[in-house]
Amino acid sequence: REFAEISIKDIDQIAKNSFPLCMRHLFEKLREDHHLKHGGRMQLGLFLKGVGLKLEDALAFWKAEFSQRISMVLFEVGSERFDKEYAYSIRHNYGREGKRTDYTPYSCQTIITSAPGVGDHHGCPYRHFSEENVRAALGKMGITNRAVEDVMDKVRNIHYQLACTLKFEAVNGTSCDAGINHPNQYFSDSQKVLQS
Ligand code: SF4
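What counts as what
One numbering rule holds for all chains: residues counted from 1, following each sequence as written. Side-chain atom pairs in this predicted model are given and counted only at pLDDT of 80 or more, local residue features only at pLDDT of at least 70, and totals for whole chains, interfaces and linings cover all residues. Side-chain numbers here rest on the full set of heavy atoms in the structure, without hydrogens or water. A run of H or I in DSSP counts as a helix once it spans at least four residues, and a run of E counts as a strand once it spans at least two, with each numbered from the N terminus. Residue contacts are defined here by distance: any two heavy atoms, one from each residue, within 4.5 Å place the two residues in contact. Residues are counted as near a molecule or strand when any one of their heavy atoms sits within 4 Å of it. The residue classification treats Ala, Val, Leu, Ile, Met, Phe, Trp, Tyr, Cys and Pro as nonpolar and Asp, Glu, Lys and Arg as charged. All others, Gly included, are polar. A helix is expected to reach a length of 1.5 Å times the quantity of its residues less one. Pairing of aromatic rings covers Phe, Tyr and Trp, the last through its six-membered ring, and needs centres within 6.5 Å; plane angles under 30 degrees mean stacked, over 60 mean edge-to-face, and all others mean tilted. Under the scheme applied here, a residue whose accessible area is under 20% of the maximum for its type counts as buried, over 50% as exposed, and between as partly exposed, the area being computed with a 1.4 Å probe on protein chains only. A 3.5 Å cut-off defines polar contacts: any pair of N or O atoms within that distance qualifies, except that in protein one atom must be a possible hydrogen donor and the other a possible acceptor, and neighbouring residues in sequence count only when both atoms are side-chain atoms.

(A) Highlighting the environment of L48. As for its position among the elements, L48 is in helix 3 (residues 38–51). Considering only alpha carbons, one finds L48 and F19, 29 residues apart in sequence, at a separation of 9.9 Å. In this structure, L48 is in contact with I11, F19, L53, F61, W62 and Y94, ignoring residues within four places of it in sequence.

(B) Spotlight on the environment of G98. When you line up the elements, G98 lands in the loop between helix 6 (87–93) and helix 7 (108–112). Expressed as a C-alpha distance, the spacing of G98 and Y88, which sit 10 residues apart in the sequence, is 9.4 Å. In this view, G98 contacts Y88 and H92; residues no more than four positions away in its chain are not counted.

(C) Structural view of the site of the ligand. Around the ligand, the structure places P20, C22, C108, I111, C124, P125, Y126, Q161, C164 and P183. At the level of secondary structure, the elements contributing two or more residues to the shell around the ligand comprise helix 7, helix 8 (125–128) and helix 11 (160–172). Here the shell around the ligand is built from residues that sort into nine nonpolar, one polar and no charged.

(D) A look at helix 4 (residues 55–74). Helix length check: helix 4 (20 residues) gives 27 Å between terminal C-alpha atoms against 28 Å at 1.5 Å per residue, within 8%. Looking at the packing, one finds that the buried side of helix 4 touches helix 1 (11–18), helix 2 (21–33), helix 3, helix 5 (78–85) and helix 6.

(E) Structural view of the packing of aromatic side chains. Inspection of the entire model under this criterion finds 11 aromatic pairs. Taking 4.9 Å as the distance between ring centres and 90 degrees as the angle between the ring planes, the aromatic pair formed by F19 and F47 counts as edge-to-face. Placement of the pair is F19 in the loop between helix 1 and helix 2 and F47 in helix 3, with a sequence separation of 28 residues. Judged by relative accessible area, F19 falls into the buried class, the value being 1%. Overall, F47 belongs to the buried group, its relative accessible area being 1%. Both rings, one in F61 and one in W62, keep their centres 5.6 Å apart while their planes meet at 80 degrees; by these two values the pair is edge-to-face. With relative accessibility at 4%, the residue W62 sits in the buried group. Among the aromatic residues, ring-to-ring pairing joins F19, F27, F47, F61, W62, F66, F82, Y86 and F187 into one connected group.

(F) Highlighting unusual backbone geometry. In the Ramachandran plot, H34 falls in the positive-phi region, its phi being about 55 degrees despite a non-glycine side chain. With respect to the element layout, H34 can be found in the loop between helix 2 and helix 3. Accessibility expressed as a relative area gives 13% for H34, which makes it buried.

(G) Focus on the side chain of H25. Within the secondary structure, H25 is located in helix 2. A distance of 3.5 Å separates a polar atom in the side chain of H25 from a polar atom in the side chain of H121. Among residues more than four places away in sequence, those in contact with H25 are H121 and F129.

Any link to function would need more than the numbers given here.
Structure, rendered in structure tokens:
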């Protein structure tokens with residue numbers, strides 16, 4: 001599937017409009033903490049690649065965040081350490097290092113069955129958050145109580161992708177008959193609605 005390119009200056013707006021909850025959460029945590037652990041970097045990094053963030057922009061985006069954290073916490077020149085420790089794995093995800101595999105973004109199935117540990121922010125919020133935290137996250141997006149309850153009903157019945165589909169429909173004000181099975185599908189379907 002082909003995606004249009006996106007640029008760093010638009011990324012906050014795009015995240016707000018068109019990221020599914022799993023990616024929105026990772027994105028917000030990255031902006032807040034200027035750091036994500038490995039699982040989060042992989043899940044968000046490959047998603048952003050699928051969304052159309054070019055390698056040079058991905059390097060600049062991650063570097064800006066991680067350098068702040070490194071400088072704050074370790075009092076080192078963050079950009080140098082970033083180049084040494086993190087740039088390789090980003091280039092790797094884009095198939096420019098190692099075996100040069102062009103890695104694809106994770107599907108919902110992969111994300112739902114992942115096992116985030118303490119301090120991790122990856123995974124699927126409908127599967128891995130407490131009920132209270134799902135409610136809070138949806139409430140923050142201005143989703144009506146009624147729609148939140150419908151989502152929670154699916155969560156309790158272990159239908160995480162259906163919960164995500166209902167959230168998509170509530171946010172975009174349109175039906176999504178195919179259902180959500182991939183974060184990048186969520187993104188492209190949302191962009192289609194916005195551009196129509
Ligand atoms: Fe992300 Fe898929 Fe979970 Fe939706 S169902 S939040 S797209 S992993």
